[in-house]
Amino acid sequence: MIRLVHVPNGYQEIVEYYGNPGSIDDDGNAHVDSKWYKDNIAYFDIGMSLSRSWDQLLIHGFIMHKKIAPALIDALHAIRDYGGQRFLEIYKLDQWGGVFNPRWKRGSKELSTHFFGIALDHCPLLGPLGERSRMPFFIVDAFTERGFINLWKNDGMHNQACR
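Below or above, wherever it landed, is the structure these notes cover. Here the structure is a predicted model, which is why all the values come from computation and not from measurement.

### Some details on the overall build of the protein
- Of the regular secondary structure elements, the protein holds five helices and eight strands.
- Reading the protein from its N end, one meets helices and strands in the order α-β-β-α-β-β-α-α-β-β-α-β-β.
- Relative to the globule expectation of 15 Å for 163 residues, the C-alpha radius of gyration of the protein, 15 Å, shows essentially globular dimensions.
- Judged by the C-alpha coordinates and their principal axes, the protein covers about 45 × 30 × 30 Å.
- Per-residue burial for the protein yields a buried fraction of 47% across its 163 residues.
- Pairs at least 24 residues apart make up 61% of the contacts formed inside the protein by residues separated by at least 6 positions.

Structure follows, in structure tokens:
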């Protein structure tokens, strides 16, 4: 099992550990720091298929922060290995909501952990924001055993590599 090397606690530690990805202006436009992006964000082939939740397009990888990639890919493989790829597809447990997304944290003027490329949304229909999570235990466990923090109380799809 591959675990996260470090799980920062609080916004300042997140910036110190993962770097400052950029800013968002008062109009809500994201400005990604190109040097930070080049140094920290990369595309990773995940070695399996997932279905994008918004259009059902099959994907085999995505962009994320380099520091979380090994643990995240290991968690996804554990999820796949639980019942197999076909099992995930039949029960819609292969639905992917994304990682890197330059935006504000909802209801705040802090950068979202998605802006850092360190938060992921898995099976959005089973753990939507503001609703009780129906996420299967083996999916939650796959992420939490590797150090990710799951926001099961009000955003069960969301796992992040920070507190």
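### Remarks on the pairing of strand β3 (residues 41-52)
- Examined bridge by bridge, β3 and strand β4 (residues 58-65) share seven bridges and lie antiparallel to one another. Across the sheet, D45 pairs through a bridge with G61, a residue of β4.
- Adjacent in sequence and paired antiparallel, β3 and β4 are bridged by five residues, among which Q56 carries a positive phi angle near 65°.
- Relative to strand β5 (residues 95-98), β3 runs parallel, the two sharing two bridges. Across the sheet, S51 pairs through a bridge with Q95, a residue of β5.

### Some details on the environment of I79
- Positionally, I79 belongs in helix α3 (residues 69-83).
- In the structure, I79 is positioned 52 residues away from E131 in sequence and 23 Å away in space, judged by C-alpha atoms.

### Structural notes on unusual backbone geometry
- Phi at Q56 is positive, roughly 65°, even though this residue is not glycine.
- The topology assignment puts Q56 in the loop between β3 and β4.
- The phi torsion at K92 lies on the positive side, around 60°, for a residue other than glycine.
- Looking at where K92 falls in the secondary structure, it is placed in the loop between α4 (85-90) and β5.
- K92 sits in the exposed class, given a relative accessible area of 51%.

About the thresholds
- The residue numbering used here restarts from 1 in each chain and proceeds along that chain's sequence as written.
- Since the coordinates come from a predicted model, pLDDT governs what is reported: local features require at least 70, and pairs of side-chain atoms require 80 or more to be given and counted, while whole-chain, interface and lining totals use all residues.
- As a rule here, side-chain values cover all heavy atoms of the structure and leave hydrogens and water aside.
- Where helices and strands are cited, they refer to DSSP runs of H or I of at least four residues and of E of at least two residues respectively, numbered from the N terminus.
- Only C-alpha atoms enter the radius of gyration; for comparison, a globular chain is expected to reach 2.2 Å times N to the power 0.38, where N is the number of residues.
- Burial here depends on accessible area, computed with a 1.4 Å probe over protein chains only, as a share of the maximum for the residue type. Under 20% is buried, over 50% is exposed, and the range in between is partly exposed.
- In this description, contact between two residues means that some pair of their heavy atoms is separated by no more than 4.5 Å.
- Each pair of strands is called paired provided DSSP finds at least two bridges between the two strands.

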